[in-house]
Structure formats: structure tokens, C-alpha cells
Amino acid sequence: MLKKIPNITTLIILFLLLTGNLLQAQQRFPKPEFETGYVQPSPTTPEPRSIALEYFDVFVLLAVLSLASWLAVRKRSRRGLLWLSIFSLIYFGFYRDGCICSIGAIQNVALSIFDPAYAISLAALLFFILPLLFALFFGRTFCAAACPLGAIQDLLVINPISIPSWIRKTLGFIPVIYLGLSVLFAATGSDFIICRYDPFVGIFRMDGPFLMIFLGITFLLLGMFFARPYCRVFCPYGVLLGWLSRFSKWHLSITPSECIKCKLCKDSCPFDAIEPPVSQEYRAPEVARKNLKRFILYVGLIPVLTLLGGWIGYKSHIYLSRVHPDVYLAELMITNPELKQDQENLDIQAFLESGDTFEQLVEEASLIRNKYKTGGWVLGGFIGLVLGITLMNQVVFRRREDYEPHKGDCFSCGRCMDYCPVDKVPQRKIKFKSYGPRE
Amino acid sequence: MKKRSLTIVVLVILAVIIGVILFDFLTKRPDRRGTNPYALEVDQYKVVDEALISHKETRNFSLGLLTASGIYYHNDSLFIVGESSLVVITKDGTSAGLFEILPHPTSLVVEDLYLYIGYKNFVAKYDHMGLLLGRWSDLGERAVITNLAIKEDRVYVADAGNRKVVIFDNEGVKIGEFEGKAESEAGHGFIVPSANFDLVVNSYGELWVVNPGKHALENYSDDGRIRGFWERASFEIDGFLGCCNPSRIAVMEDGSFITSEKGLVRIKIYDQSGKLISVVAPPDLFKEEGKAPDVCVDEQGVVYALDFDKDMVRIFEPKGDG
């Protein structure tokens, strides 16, 4: 072990020397002189970072994910996860200005798949893949301690209320739609809506448009009573993490040994992510038969909903394609040719200055719209498919004897472990009393 | 607050958030956007103190069919190249010669016996009767020759495409090149964002090269060592602004520089140390967002500006005491 220390020290020194040199590298162009009253626009993305430091970010992410998984699954330490999430908030949030981010990386990946001219950086790809891999094995430990967006909300959970299940499930469908739309818009090169409407990046950068700051503050205030609202109602990456987490073999467990069904864990979870034991009545033959009929009906509905969704998506392709600036601009210039003279219209003037012809713009817009025809089918079909599977899951009851975290919804924050009295105090000291519903 | 009420509040806030996002998404479109809050307003810098203006435009003459690309003053004559022509004009505007040359010249330099005309990636040598004496070696596909300068038997070629100065002897043999790089901060290397890269040799034989990205004039030895420089980056009249200024320069007998800028077009005079002496032509004499006029100057300090936007030669004479 001692022999390894010089090697590690050497590596650290080498890294610092390498990154130090890169940090001293000059910009290609010196910054223009803007000291005479010109107001510089706020940057929408942070300054480019050297490759070595990008890989350092990946290394930090990997370390945080590993530590978070260990803390959640083996160490069972809520306090450790909390401190780790604070570190991530400071590092990935305030220090790295919320960029690079696994949530936004969805768009980079989508664009790189569908646009051969776009090359995704390895760091962005790893930021997308690593949390998913960890979710597949250990649950959503990324949400627990690595995501700065989750961390900032988690710290402000004050008096969470429990929302009725049907409302939660309905709201839980929004991230699916958001995911589908963000992939479609990114794949067609139209927009990066996840970044555009990232509510916390303005807070991380202490700067941003009014809307961004407004959304950030609103989410934080809302999060005092409805824990992690962005994660539960908007986060598109959470959809992917949730799906993979369902298959996780080493997911966090509430109790280290036998559950005593004290219900403390359920009351402690601000996210309504703990499922109670399945009662005997669901196993009764008549209920099972009824559920089987519904199950068959819902399974039959899946292809219908998929096709119907695809058809609706296809029919919406003209409307959806207008998100792409070229399509919108082409339509605008066809319907309002007089706008070409409008010097105040920045987009039209920028196009006219670009040297491209109007015919080129229209041709480009047609190509994009064709992409939306296919994209509309896929988006609609995807939403229909998820809707069908969600319906089907309503009648699938798995055998559950104890209180267990819902692997898809659980953020692995560890509150339930903290509250679980098993193996913490002698059994005889536990008073079994009923806890009122959470306000 | 009751749980039910809180739930309703939560749902209402969520609905507001979704509504705000949708509203923003649907309204931030090209025909619904507000004015650009970051527009670069340069109007205030177009106004120049009258006391600073040392010259006045006394004459100008159109070049007719010729789309000119370069002007040079030598021995009481103006040499202008453009399209596939070389035009020689006396100072009073009388034509003294018209010669056919290789097409698409970009620049020229003239000495007593020969003319050297720059093209995109090569230099051609002519005599004063317009006879082609030689076409020098090609500087490569990336080359964009923007200007030439001459000192005794050496011709300096500004290659904006490769961001370097190439030195030939007067027979076209390449004898050196440099990129303006040095260990010190001063020798950053030429930053040439566009095809605006000029150089001159003054009456003391010093080679001065514009580093347009740095808004600097740099003095080099023939082996590429930087010997001195000055830079002025500013919106104000005493500096240069934009990506690539000064775009064109000329040099007076006393070593002062005539500078010509694009964008906010203006022609000014600086001393050798970079101190603004006067303004030859303020921006309001030129097209808005125009090209930088090519400039040259005679022994009396008369500045000849080839205005590419108006396609004419404009003559600015010193105002004098009166």
C-alpha cells in the first residue's frame, strides 16, 4: 500500500502540471475592447474547459457515483449521502456552473446519433452513460448524491406533503413527454429545451435571464412542500434512470434485516416512493381474475395506443417542425415577405446577411420537415407505448411482504434507512404506535 | 394548511410553471422577439472632433468600368489594379496608361523599374510598360495575398490565408518567412480573422506589419524578430475596433502611419509610437459598415483613398493653416 503512494502522488503532480499548462493557454483571439460602455451579453454556457479538466469532471462524477452507491447500498449512511450531495452541488453546480450535466447530455447524445456532422465529446457521453450504468446496478444513486439539481432541491425539503397516487402517476407522465420532445428537438437540430428550461442553472451561475431565475426560485419554494418537484415532474433523465433502476440488483434496502412494518420509512420518504406490503385481498382468486381481465385488456391496448400515438405524432409534424428556426423562418418569410425589410427582425436580417438564398432556406426547411414526419411517428408511438405499459402496470401486483422502495421512483436518498429502527435499538424498546398521515 | 389545500396549491404552482414554460417556448419566435438588447451601437463614435481633422476631400474621380482592388503611389503617379487591368493616373486624375495584366489582382507595389502585383496565391512581376516578366512560385492553396511591400531588392508578401509574411528577392526566389511568433507576449503571432493583413516599409527601411486581431502594428527584422510594436484597441477615435483593424496602412515620409479601418470606416494618422496625430477622413464620409479603403500618400501628405464601396479614388489634402 505504501509503495502505491508515490505513484499516486506522481500522477497527481503530472495531472496538475498538465492542466496548469492548459489553463495558461491563450485564447485564439484576444477579447475585444469593450470598456467603453458596451454591455456584454451574459454567456449562456460556461467558458470552454480544457480536455484534461473535462476528464477530471468525469473522474469526479465516477468517484461520486461510486461513493454514493457504497453509502446507499453498503454503508447505509444518510448523512454520508447528504454531505456527498452538498459536495456535488458545490462542484457540479456552483463551481462547474451546472454544465456539463447528465440531464442535458441526453440532447448531445440524440444529436450525435442523428446528425453525422455533430461529434459528441467523450466527456459528455460518459456523463450520459455512467449514471445510467450505476442505476442499472445500484439504483438512482446519481439522484441521491451526484446531481446538483437534485441536491439543491433536496436541501430545501421542509414540510413535504404526500400527493394522492393517481395525481403522482399522472404528473409522472410529464417527464416522459418532455423526454420524447427533447430528444426529437435535439435529434432534428431544432432546440436544446432541457438546457433552455433548466431552472437551476441561473442560480448556479448567479446570472441568467429572468425566466430562468424565476423558474429556479419557484421550484425551490415549491420543493419545500412538494419534494424535488423538478425531479418528479420534469426531469427527462429521471425517466431513463427510473427504467434502469427497476432492474437494479443491489438497490438500497430500507431495513438491514427483517422489516418490522413500523411504517416509519413510508412516513419518512418525502417522495412517496415506498410501497407498502401487498395486502392479501389482491391475491384473492376473484380479484386476481378481475385483474387478469384488465391486464389482458391493457396489453391489447398497448399496440393500439402506440399506433394511435404515432398517428397523432405524425399528424402533428407540421406544428412540431416549426420549433426548428429554419422551418419557422421559411414559413414566416413566405407568409410575410414584407418582413424582409424589417431591420428590427434580427433573425430575418441575420439570414439575409448569411448569403444563403431563400430557395436554399426553403429546401432546408423541407428536409427538416420530412425528418419530423418520422420523428412525429416515433415520438407519438413512444408516448403511446409508455402510456400503455403504465396502464398495464396498474394491474400487475408483485408479491411484497415488507415495505420496499419503489426501485423506479426511489432517489436512494437514504432517509428511510435513517428512520428504520431495525438493528439500531433493541427490539423491546420500539413502541408500535400509529403515525398520522404526513402533512 | 390542510393537506388537500396544499395539494391544490402545489398543483396550481406546477400548472403555472408549465404555463410559463409553454408561453416562453411559443413566444420566443423570430417574429415575436424583442429588440436586440446587445446591439452594437457605434453612432456616438462616428462623431469626430473637427479640430482633429487634418485633411479635407478636395477631389475624387470614378474609375469607370474598373473594379479596383489596390492602389499605390510612386513618382507623382497613382498605380491602380483591378479586374485584369493596371491603370496609371497622374495626381490630377489624367490617365497615363492602361495595361492588361493577369486577372484578379489583389494588391501591388511599385519601384522605379518594376511593378509587383499580388494575386490570391502568387506574385507577378511587370515592367512599367505592362510587360509580364515573371510569375513567382505559388504560395499554396490556402494562401490569400493581401498586400505587398518593397525594400531595395526584397519584396514582402502579406499572406492572410497562412497568417505569415513571406520574403522574396526581386527575382522571385523565396528567402524567408515568419509568423510573428515569439516567446514573449508581444510575439503572439499574426491573428488574421479575415483577408485584411497589410504591411509597409518606411523611409528608414523598417518593415511594419499589421497584426489586425491585436489591433497592433509590429516592427520586424527580416528574420522575423519583433523589434517593436504598438497597439490601440478602443472604440474611441484614438484606437481601432472590430475584428481586423487597421485593415490597410500606408506610411508617410516622416515614418507616420496612415491607417484605414473597415466597419466604422475612418482614415487616421499615427506617429511611429502609435500616438494619434490627426484624422484624415471621419466615418461620416464613408458608407456605413463599409470596406476599408486602400490608402497611399504622397510626399506632400496628400492621402489617396481607394474607396471600394463607391468605386472611386478620393483625394484628401492637408487643410493647411488656412
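Residues numbered from 1 in each chain as written. Chains lettered and ligands numbered in written order. Predicted model: local features only at pLDDT ≥ 70, side-chain atom pairs only at ≥ 80, totals over all residues.

Draft legend 1. How the structure looks around the overall build of chain B. Tallying secondary structure elements over chain B gives 2 helices and 24 strands in all. The burial tally for chain B puts 39% of its 322 residues in the buried class. For chain B, the share of sequence-separated contacts (at least 6 apart) that also reach a separation of at least 24 residues comes to 46%. (Helix = DSSP H or I, 4+ residues; strand = E, 2+ residues; numbered from the N terminus. Buried ≥ 20, exposed ≤ 12 C-beta atoms within 10 Å, placed from the backbone. Contact = placed C-beta atoms within 7 Å.)

Draft legend 2. Molecular detail of the overall build of chain A. Of regular secondary structure, chain A possesses 21 helices and 2 strands. Burial analysis of chain A (439 residues in total) assigns 39% to the buried set. In chain A, the share of contacts with a sequence separation of at least 24, taken over all contacts with a separation of at least 6, comes to 83%.

Draft legend 3. A look at the sheet that holds strand S19 (residues 257-261) of chain B. Residue and element names in this part refer to chain B. The strand order across the open sheet built from 4 strands is S18-S19-S20-S21, with neighbouring strands paired in antiparallel fashion. Both outer strands of the open sheet, strand S18 (248-251) and strand S21 (276-281), are each paired with one neighbouring strand and no more. Between one strand axis and the next, the sheet turns by 25 degrees as a mean value, whatever way the strands run. For S18 and S19, the ladder comprises 4 bridges, and the chain directions are antiparallel. By the bridge assignment for S19, Ile-249 is matched with Thr-259. (Pairing = 2+ DSSP bridges. Axes fitted to C-alpha atoms, helices over the stretch in contact; angles between N-to-C directions.)

Draft legend 4. Spatial organisation of the nonpolar core. Judged by nonpolar contacts, the single largest core of 100 residues is most densely connected at Ala-68 and Leu-81 of chain A. No fewer than three residues from each of domain 1 (52-277 + 400-425) and domain 2 (281-393) of chain A sit in this core. In contact with Leu-81 of chain A, other than residues within four places in its own chain, are Ala-68, Leu-71, Ala-72, Ala-144, Ala-145, Cys-413 and Gly-414 of chain A. Ranked by size, the runner-up nonpolar core spans 69 residues in total, among them Ile-89, Ala-158, Phe-197 and Ile-249 of chain B. (Core = buried A, V, L, I, M, F, W, Y, C linked by C-beta atoms within 7 Å. Domains from an automatic or database assignment.)

Draft legend 5. Geometry of the packing of helix H9 (residues 174-187) of chain A against helix H14 (residues 236-245) of chain A. All names here are of chain A. At their nearest, the axes of H9 and H14 sit 7 Å apart, and the two run at 110 degrees to each other. In terms of axis orientation, H9 runs roughly perpendicular to H14. Here Pro-175, Val-176, Tyr-178, Leu-179 and Ser-182 of H9 lie close against H14, whose contacting residues are Pro-236, Gly-238 and Val-239. Looking at the contact of H9 with H14 residue by residue, the classes come out as 6 nonpolar, 2 polar and no charged. (Parallel < 35°, antiparallel > 145°, perpendicular 65-115°, else oblique. Nonpolar A, V, L, I, M, F, W, Y, C, P; charged D, E, K, R; others polar.)

Draft legend 6. Spatial organisation of H14 of chain A. The buried fraction of H14 of chain A amounts to 8 of the 10 residues, a majority that puts the element mostly inside the structure. Of all the positions in H14 of chain A, only Pro-236, Tyr-237, Gly-238, Val-239, Leu-241, Gly-242, Leu-244 and Ser-245 of chain A are classed as buried.

Draft legend 7. Seen up close, the confidence of the model for chain B. Looking at chain B, pLDDT values average 91 and 96% of them are 70 or higher. What the predictor reports for the complex is a pTM of 0.67 with an ipTM of 0.81. (pLDDT = per-residue confidence, 0-100.)

Draft legend 8. Quick look at the environment of Ile-80 of chain B. All names here are of chain B. Looking at the element boundaries, Ile-80 is found in strand S3 (residues 77-82). The spatial distance from the C-alpha of Ile-80 to the C-alpha of Leu-306 is 8.8 Å, given a sequence separation of 226 residues. Discounting chain neighbours no more than four positions away, the residues touching Ile-80 are Leu-63, Ala-68, Ile-71, Val-87, Ile-89 and Leu-306.

Draft legend 9. How the structure looks around the confidence of the model for chain A. For chain A, per-residue confidence averages 86 on the pLDDT scale, and 85% of positions sit at 70 or higher. Low pLDDT, under 50, characterises residues 432-437 of chain A; the predicted model gives this stretch 5 contacts beyond four residues in sequence or across chains.

Draft legend 10. The sheet that holds strand S16 (residues 216-220) of chain B, seen in detail. Residues and elements named next belong to chain B. Read across the sheet, 4 strands follow the order S14-S15-S16-S17 without closing on themselves; strand pairing throughout is antiparallel. Edge strands, defined here as strands with exactly one partner in the open sheet, are strand S14 (199-201) and strand S17 (226-231). With direction set aside, neighbouring strand axes in the sheet form an average angle of 20 degrees. Bridge analysis of S14 against strand S15 (residues 207-211) gives 3 bridges, and the strand direction is antiparallel. Of the residues in S15, the one forming a bridge with Leu-199 is Val-209.

Draft legend 11. Spotlight on the pairing of S19 of chain B. Residues and elements named next belong to chain B. The element S19 is largely enclosed, with a buried count of 5 among its 5 residues. Pairing geometry for S19 and strand S20 (residues 266-270), over 5 bridges, is antiparallel. The residue of S20 that forms the bridge with Ser-260 is Ile-267. Counting the residues in the hairpin turn of S19 and S20 gives 4 residues, including Gly-263, whose phi is positive at 80 degrees.

Draft legend 12. How the structure looks around the environment of His-251 of chain A. Residue and element names in this part refer to chain A. Within the secondary structure, His-251 is located in the loop between H14 and helix H15 (264-268). Take His-251: there are 21 C-beta atoms within 10 Å of it, and that puts it in the buried class. Spatially, the C-alpha atoms of His-251 and Phe-138 are 4.7 Å apart, while their sequence positions differ by 113 residues. Residue contacts for His-251: discarding those within four places in its chain leaves Phe-138, Gly-139, Ser-245, Pro-405 and Lys-407.

Draft legend 13. Geometry of unusual backbone geometry. Residue Ile-100 of chain A follows Cys-99 of chain A across a cis peptide bond; omega there is 25 degrees. Considering the arrangement of structural elements, one finds Ile-100 of chain A in the loop between helix H3 (78-95) and helix H4 (102-114). Residues other than glycine seldom take positive phi values, yet Lys-263 of chain A does so here, at roughly 75 degrees. Structurally, Lys-263 of chain A can be placed in the loop between H14 and H15. The class for Lys-263 of chain A is partly exposed, based on 17 C-beta atoms found within 10 Å. Not every positive phi belongs to a glycine, and Glu-152 of chain B is a case in point at roughly 50 degrees. Positionally, Glu-152 of chain B belongs in the loop between strand S10 (145-151) and strand S11 (154-159). Overall, Glu-152 of chain B belongs to the exposed group, with 10 C-beta atoms counted inside 10 Å.

Draft legend 14. The arrangement of the packing of H4 of chain A against H9 of chain A in detail. Residues and elements named next belong to chain A. Their axes nearest at 8 Å, the elements H4 and H9 cross at an angle of 45 degrees. Of the possible angle classes, the one that applies to H4 and H9 is oblique. When you trace H4 past H9, the crossing you get is right-handed. Between H4 and H9, the contacting residues are Ile-106, Gln-107, Ala-110, Leu-111, Ile-113 and Phe-114 on the first element and Ser-182, Val-183, Ala-186 and Ala-187 on the second. (Left-handed = near helix turned anticlockwise from the far one by under 90°.)

Draft legend 15. Representation of the environment of Ile-101 of chain B within the structure. Residue and element names in this part refer to chain B. Along the polypeptide, Ile-101 turns up in the loop between strand S5 (95-100) and strand S6 (107-110). Owing to 21 C-beta atoms within 10 Å, Ile-101 belongs among the buried residues under this scheme. The contact partners of Ile-101, leaving out residues within four places of it in the chain, are Val-81, Ser-84, Ser-85, Leu-86, Ile-117, Tyr-126 and Gly-130.

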